[in-house]
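Notes for the structure review
Chain by chain, the residues:
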Amino acid sequence: MAMTYSNRLRADELRHEVGIRGAKLPGATVDQLRTELSSLLQFERAGVELDPDALLPINHAEELSILEAKVAEVDTLVAEMSLEADASTAARARQGSKSKSKSKSKSKSHLQSPEFHKWGIKFSAAEGTSMLSFIADVEEKAESLGLSKRLLLKGANEFFVGEAKTWYRTVKNEISSWKELKTFLRAEFLPVGYLDNLWEEVRGRRQGKNETIGTYIANMLMLFEWLTVMEPIDESLKLNVITKNLAPFYLKGIANTPILSIPQLKQVGRNLELVKYRVDRYDRSSKCPLMEPEFACKSKGRPRAYLNEVQAPEAPEPEVAAVYSEGARPPLSCWRCGGQGHRFRECQAKGEFPIFCWTCGLKGTVSQNCARFEIQ
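None of these values were measured; they are calculated from a predicted model.

So, about the overall build of the protein. Of the regular secondary structure elements, the protein holds 16 helices and zero strands. The proportion of buried residues among the 376 residues of the protein is 28%. Of the roughly 26000 Å² of accessible surface on the protein, 54% is carried by carbon and sulfur atoms.

Once that is clear, we can look at the packing of aromatic side chains. Remark: the centre distance and the inter-plane angle together describe each pair of aromatic rings, the angle taken between the planes. What the rule picks out here adds up to 12 aromatic pairs. When the centroid spacing of 5.8 Å and the interplanar angle of 45 degrees are considered together, the rings of W119 and F159 count as tilted. Here F159 lies in the loop between α7 (149-154) and α8 (163-171) and W119 lies in the loop between α5 (97-112) and α6 (131-145), a separation of 40 residues in the sequence. The exposure class assigned to W119 is buried, which follows from its relative accessible area of 15%. By relative accessible area, which is 0% here, F159 ends up buried. Centre to centre, the rings of F123 and F189 are 5.2 Å apart; their planes meet at 80 degrees, and the pair counts as edge-to-face.

The next point concerns the nonpolar core. Counting 49 residues, the largest nonpolar core has W119, F134, F160, L181 and L185 as its most contacted members. Those residues in contact with L181 that lie beyond four places of it in its chain are L153, A156, F160, W167, Y168 and I175. Among the nonpolar cores identified, the runner-up in size contains 11 residues, and L14, A23, A28 and L37 belong to it.

When the UniProt feature table is mapped onto this chain, "domain: CCHC-type" (unreviewed entry) is found at residues 334-347. Strand forms 0% of residues 334-347 and helix 0%; the C-alpha atoms that close the span are 7 Å apart.

Here the focus is the pattern of salt bridges. Within this structure, the stated rule accounts for eight salt bridges. Ionic pairing is found between E115 and K118, a salt bridge with its closest N-O pair at 3.1 Å. Residue classification places K118 among the exposed positions, given a relative accessible area of 58%. A salt bridge links D280 to K276; the nearest nitrogen and oxygen atoms lie 3.0 Å apart. On the criterion of helical spacing, the pair formed by D280 and K276 is a turn pair, its members being four residues apart in helix α14 (residues 262-280).

Another aspect to go through is the packing of helix α2 (residues 11-20) against helix α3 (residues 30-45). Contact geometry for α2 and α3: axes closest at 9 Å, N-to-C directions at 40 degrees. Along this stretch, α2 crosses α3, giving a crossing that reads as left-handed. Residues A11, L14, R15, E17 and V18 of α2 form the contact with α3, whose participating residues are V30, L33, R34, E36, L37 and L40. Residue composition of the contact of α2 with α3, grouped by class: seven nonpolar, no polar and four charged.

This part covers α6. A rise of 1.5 Å per residue sets the reference length of α6, with its 15 residues, at 21 Å; its end C-alpha atoms lie 22 Å apart and thus fit the reference within 8%. Following α6 by one or two positions, G146 adopts a phi angle in the positive range, close to 70 degrees.

This part takes up the packing of helix α10 (residues 194-203) against helix α12 (residues 235-244). The packing of two helices is summarised by the inter-axis angle and the distance between the axes. At a minimum axis separation of 9 Å, α10 and α12 run at an interaxial angle of 50 degrees. In this view, α10 runs oblique relative to α12, as classed from their interaxial angle. From α10, W199, V202 and R203 reach across to α12, where they touch L237, V241 and K244.

Relative to the elements of secondary structure, K238 occurs in helix α12. Given the relative accessible area of 11%, K238 is considered buried. Setting aside residues up to four positions removed in sequence, K238 forms contacts with F224, I233 and I262.

Okay, the confidence of the model for the protein next. Of the residues in the protein, 71% reach a pLDDT of 70 or more, and the chain-wide mean stands at 75. Here residues 107-111 is a poorly scored stretch, pLDDT under 50, and it has two contacts once near neighbours within four places are set aside; other chains count. Within the model, the stretch residues 302-326 combines pLDDT values under 50 with 38 contacts to residues more than four positions away or in other chains.

This part takes up the state of the cysteines. Under the defined criterion, the tally for this structure stands at zero disulfides. The thiol sulfur of C334 is not disulfide-bonded, and the nearest other cysteine sulfur, from C337, lies at 3.6 Å. Just so you know, C347 is unpaired, no disulfide at all, and the nearest cysteine sulfur is the one on C337, 3.7 Å from it.

The rules behind these values
- Sequence order as written defines the numbering, with residues in each chain counted from 1.
- In keeping with the predicted nature of the model, local features appear solely for residues at pLDDT of at least 70, side-chain atom pairs appear and are counted solely at 80 or more, and the whole-chain, interface and lining totals rest on all residues.
- For the side-chain quantities, the full set of heavy atoms in the structure was used; hydrogens and water were omitted.
- What counts as a helix is a DSSP run of H or I of at least four residues, what counts as a strand is a run of E of at least two, and both are numbered from the N terminus.
- Here's how the labels work: a residue is buried when its accessible area is under 20% of the maximum for its type, exposed when over 50%, partly exposed in between, all with a 1.4 Å probe on protein chains only.
- Areas reported here follow the Shrake-Rupley algorithm with a probe of radius 1.4 Å; residue values treat only the protein chains shown as occluding.
- Each aromatic pair joins two rings of Phe, Tyr and Trp (for Trp, the six-membered one) with centres within 6.5 Å, and gets the label stacked for planes under 30 degrees apart, edge-to-face for over 60, and tilted for any other angle.
- Residues grouped as a nonpolar core are buried Ala, Val, Leu, Ile, Met, Phe, Trp, Tyr and Cys residues, joined through side-chain atoms within 4.5 Å.
- Throughout, a residue-residue contact means that at least one pair of heavy atoms, one from each residue, lies within 4.5 Å.
- UniProt positions are given in the numbering used here, feature names are shortened, and annotations may be inferred rather than shown by experiment.
- Take a side-chain nitrogen of Lys or Arg and a carboxyl oxygen of Asp or Glu: if they are within 4 Å of each other, that pair is a salt bridge.
- In this analysis, axes come from line fits to C-alpha atoms, helices being fitted only over the stretch in contact, and the angle between any two N-to-C directions falls in the range 0 to 180 degrees.
- Definitions for this section: a left-handed crossing has its near helix turned counterclockwise from the far helix by less than a right angle. A right-handed crossing has that turn clockwise.
- For this scheme, ten residues count as nonpolar: Ala, Val, Leu, Ile, Met, Phe, Trp, Tyr, Cys and Pro. Four count as charged, namely Asp, Glu, Lys and Arg, and the remainder, Gly too, count as polar.
- What a helix is expected to span follows from its residue count: subtract one and scale by 1.5 Å.
- Roughly parallel here means an angle under 35 degrees, roughly antiparallel means over 145, roughly perpendicular means 65 to 115, and every remaining angle is called oblique.
- pLDDT is defined as a per-residue confidence score from the predictor, taking values between 0 and 100.
- The disulfide criterion is simple: two cysteine sulfur atoms within 2.5 Å.

Okay, structure coming up:
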């Protein structure tokens, strides 16, 4: 009876039962704990009194908390069994008596023993394989099929190959839940200093040249997810790291926009991409509509001169027009003072001189309004 009772307990439950009876077995395996508990229970039934000083004090609040957790776990298992029963009942209602029976057995068999080997998800502990990606792939697949963590742990052996399979065989008796399995995997296969090195990489991970804002943020969030295996990361810190490493195009676009969350940053970035798409495809050569001349686009006239400038003449000076019409360069003369042998940038003459075009030397105008452009 004692052996039967101890066989039903998990590792943490065994440690608790042995501990409250005064036995201290640090580092003991599950089998050792079961053997010790069986012996202690036999002593209790035989009326052998244990040393009171060796017994651990009972914390009633802690005991109540443990019981509540166990009750919640049982409720979860009952709910899963109810869902399976409801699914089987619905299947029987849709089919005939024979087909219903076959469908029920197949469905139940599928729920109890999923074919994990057909998932194509394996972990070998070889170089180049990511243990964290392996865990994420398994959990995403299980979630899509509606499988519980209990079933994942039951078939965990099928996920491992090579060195990882050998390792799992040596520790599986110490693991009682999928959560514990993940803890064991991280402790065994994450390289020393992995999280510190990964954090440095994340902080320096810049947005790629052709990487959209959505893809970049998704990649960064996955890296942050890897970092949270030990402790959570504040959302404001994530936003700060992502924003700091954005491409210059996005940094300029959000310069005057307060960004308060990652979803907002993603939306603003997509708006910027849309604007850039439209600007790049703007056709300046499109024709103006002629069916309604009143609303047709009109050519913009020559801009007026600034207040401190003289309006450009209607036609260029003949000698300037001749020079540019023949494609020759103007003679080496100063457009500022009219002297020969030097250019206006080298002119050292003093006094007030009329304004002129810095491109062609035309007097009374500036480059923006120069009549030279009409010649070209």
